[in-house]
Amino acid sequence: MEPMIQVGNLCKSFSTKSGTVEAARNISFSIEKGEIFGIIGLSGAGKSTLVRCLNLLERPTSGTVRVNGKNLTKLSEKELRKERQNIGMIFQHFNLLMQRTALDNVCFPMEIAGISKKEARKKALEYLKVVGLEEKALSYPSQLSGGQKQRVAIARVLASDPKILLCDEATSALDPQTTKAILELIKEINRDYGITVVVITHEMSVVQEICNRVAVLESGTLVESGTVEELFRSPKTEAARRLVFSGRTQIQKMEGKRLVRVTFRDKSSFEPVIANLILTYRTPVNILYADTKNIGGAAEGEMILQLPEIEEVADKMIQYLKDTNMGVEELKSDVG
Ligand SMILES: Nc1ncnc2c1ncn2[C@@H]1O[C@H](COP(=O)(O)OP(=O)(O)O)[C@@H](O)[C@H]1O
Ligand SMILES: [Mg+2]
């Protein structure tokens, strides 16, 4: 079966007064039907440009964008408008019509599609129910919280019955708890409606929460892609490492020490290993960070250890950890 989205050698450059900006450099990847695919990168990496190329809001300088079996770059404006109806989008700042109620916002795409007002209202109420907001149908966006506004935006997307949902930093303006609830809703929609989801984010936690596979963007280049678990366990590029470690400032300060990042399947198996490690080598190790995350339904643990400065002991400890089948990776001290 053909992938739902297939991007081939996509390049996008902008001419500006100060020269040419290459926002996408020869990017290729594909997304299968029903996947939740993440695109992660720092601010300015080219994420929004790339996602806008997926529905041709931005026309690629070169390369192909195949969506749902059609090469979008080859379509006429009219054909393109039709194909775009399969692609819904939500944004960081929700983009609701402020003069319309929640209900009328959800009705909007249906009105444009020529559905009768009565039918549109009926469907809109159903979609508001799906996103858990039926009692706010008559509220205006200014009367809603950020999370509620994003729920309205999601209901509006559902109203156009899309095959694909593009989320550009859709949770970046929300607090952690609301973020979790919105990601949960996106997962539900993916599952219940079979909608393929593309999640654009600068936050690794979002990717871990929701994505199956992920691509890492840096300066317009796709530097790494794979399952979320692979990226989490063994990021291959410096860019990916930085994203995996972002927010752990305490680690950045540990200059000149030997650090290892250890990943493991479940936390209970970790404690005896560390105890034995210390007993075996009679030397303490510092645990700088420890956490367990839920990745794809499995508990995945992560720990960052500071090893003794004596090279020989540290080397042996690394070997010991490797022998216990943990993911072991030595970190450069400038990580972060
Ligand atoms: N319309 C535009 N004109 C000129 N430069 C642009 C335009 N849109 C984006 N860029 C540049 O392209 C690069 C990628 O931007 P963007 O796709 O918004 O990144 P991200 O979403 O990852 O923050 C940036 O250097 C940005 O300044
Ligand atoms: Mg952006």
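Along each chain, residues carry numbers from 1 onward, in the same order as the chain's sequence is written. Just so you know, chain letters begin at A and ligand numbers begin at 1, following the order they were written in. Predicted model: local features are reported for residues with pLDDT of at least 70 only, side-chain atom pairs are reported and counted for 80 or more only, and whole-chain, interface and lining totals are derived from all residues. Water and hydrogen atoms play no part in the side-chain values, which are based on all heavy atoms of the structure.

### Quick notes on the domain arrangement of the chain
Cut-off, in case you're wondering: Here the limits of each domain have been adopted from an automatic or database domain assignment. Note on contacts: a residue pair is in contact if any heavy atoms of the two residues lie within 4.5 Å. Two parts placed together each lose some accessible area; with a 1.4 Å probe, that loss summed over both constitutes the buried area.
Each assigned domain of the chain is listed with its residue range as follows: domain 1 (5-234) and domain 2 (247-331). One C-alpha centre belongs to domain 1, the other to domain 2, and the line joining them spans 37 Å. Facing six residues of domain 1, the contacting portion of domain 2 comprises twelve residues. Across the domain 1 to domain 2 interface the summed buried area is about 800 Å²; carbon plus sulfur atoms make up 48%. Interface area lost by domain 1 to domain 2 is led by Gln208, Phe232 and Arg233, which between them contribute 79%.

### Details of the sheet that holds strand β5 (residues 70-71)
Spelled out, the test is: Pairing between strands requires that DSSP locate at least two bridges from one strand to the other. We count a stretch as a helix when DSSP gives it H or I for four or more residues in a row; a strand needs E for two or more, and each element gets its number in order from the N terminus. Lines fitted to the C-alpha atoms define the axes, with helices restricted to the stretch that makes contact. Angles between their N-to-C directions range from 0 to 180 degrees.
Reading across the sheet, the four strands line up as β2-β1-β4-β5 and stay open at both edges, with antiparallel pairing between neighbours. At either end of the open sheet lies a strand with only one pairing partner, and these are β2 (19-31) and β5. Looking at chain direction, strand β1 (residues 5-16) and β2 are connected through nine bridges and run antiparallel. Bridged to Lys12 within β2 is Ala24. Packing against the sheet, helix α1 (residues 47-54) makes contact with β1, β2 and β4 (62-67), and its axis sits at approximately 120° to β1.

### Some remarks on the site of ligand 1
Put simply, the rule reads: Note on terminology: near, applied to a residue and a molecule or strand, indicates that one of the residue's heavy atoms is within 4 Å of it. Contacts described as polar in this section are N or O atom pairs within 3.5 Å, which, within protein, must combine one atom able to donate a hydrogen with one able to accept it, while residues neighboring in sequence count only if both atoms come from side chains. For the area figures, the Shrake-Rupley method with a 1.4 Å probe applies, and any residue is considered shielded solely by the protein chains shown. Residue classes follow a fixed rule: Ala, Val, Leu, Ile, Met, Phe, Trp, Tyr, Cys and Pro count as nonpolar, while Asp, Glu, Lys and Arg count as charged, and any other residue, Gly among them, counts as polar.
Close to ligand 1 lie Phe14, Thr16, Val21, Ala23, Leu42, Ser43, Gly44, Ala45, Gly46, Lys47, Ser48 and Thr49. Gly44 places a polar main-chain atom, nitrogen or oxygen, 2.7 Å from an oxygen atom of ligand 1. Interatomic distance of 2.9 Å between a backbone N/O atom of Ser48 and an oxygen atom of ligand 1. Protein burial of ligand 1: of its 560 Å² of free accessible surface, 60% is covered by the chains. Breaking the shell around ligand 1 down by element, the ones donating at least two residues are β1, β2 and α1. For the shell around ligand 1, the leading source of residues is α1, giving three residues. Tallied by class, residues from the shell around ligand 1 come to five nonpolar, six polar and one charged.

### A closer look at the packing of aromatic side chains
The condition is simple: Two rings from Phe, Tyr or Trp (for Trp, the six-membered ring) form a pair when their centres sit within 6.5 Å of each other. Planes less than 30 degrees apart are called stacked, planes more than 60 degrees apart edge-to-face, and all others tilted. Buried, partly exposed and exposed residues are distinguished by accessible area as a fraction of the type maximum, computed with a 1.4 Å probe on protein chains only: under 20%, between the cut-offs, and over 50%, respectively. Charges are assigned to positions over rings by a cutoff of 6 Å between ring centre and Lys NZ or Arg CZ, combined with an angular limit of 35 degrees from the ring normal.
A complete count under the given rule lists two aromatic pairs for this structure. Judged by centre distance (5.5 Å) and plane angle (5°), the ring pair of Phe29 and Phe37 falls under stacked. Note on Phe29: relative accessible area 9%, which makes it buried. The class for Phe37 is buried, based on a relative accessible area of 1%. Both rings, one in Tyr281 and one in Tyr320, keep their centres 6.1 Å apart while their planes meet at 85°; by these two values the pair is edge-to-face. Residue Tyr281 is located in helix α11 (residues 270-281), and its partner Tyr320 is located in helix α12 (residues 311-323); the two are separated by 39 residues in the primary sequence. Arg261 extends its terminal NZ or CZ atom over the ring of Phe232, reaching a point 4.9 Å from the ring centre.

### A closer look at the side chain of Glu224
Rules: Positive charge is attributed to Lys and Arg, negative charge to Asp and Glu, and no charge count is given to His or to the chain ends. The salt bridge criterion pairs a side-chain nitrogen of Lys or Arg with a carboxyl oxygen of Asp or Glu, the two atoms within 4 Å.
Mapped onto the fold, Glu224 is located in strand β10 (residues 221-227). An unpaired buried charge is present at Glu224: no salt bridge exists, and Lys236, the closest side chain of opposite charge, is 4.3 Å distant. A distance of 2.8 Å separates a polar side-chain atom of Glu224 from the backbone nitrogen of Lys236. Contact partners of Glu224, with chain neighbours within four places excluded, come to Val214, Ala215, Val216, Leu231, Ser234, Pro235, Lys236, Thr237 and Ala240.

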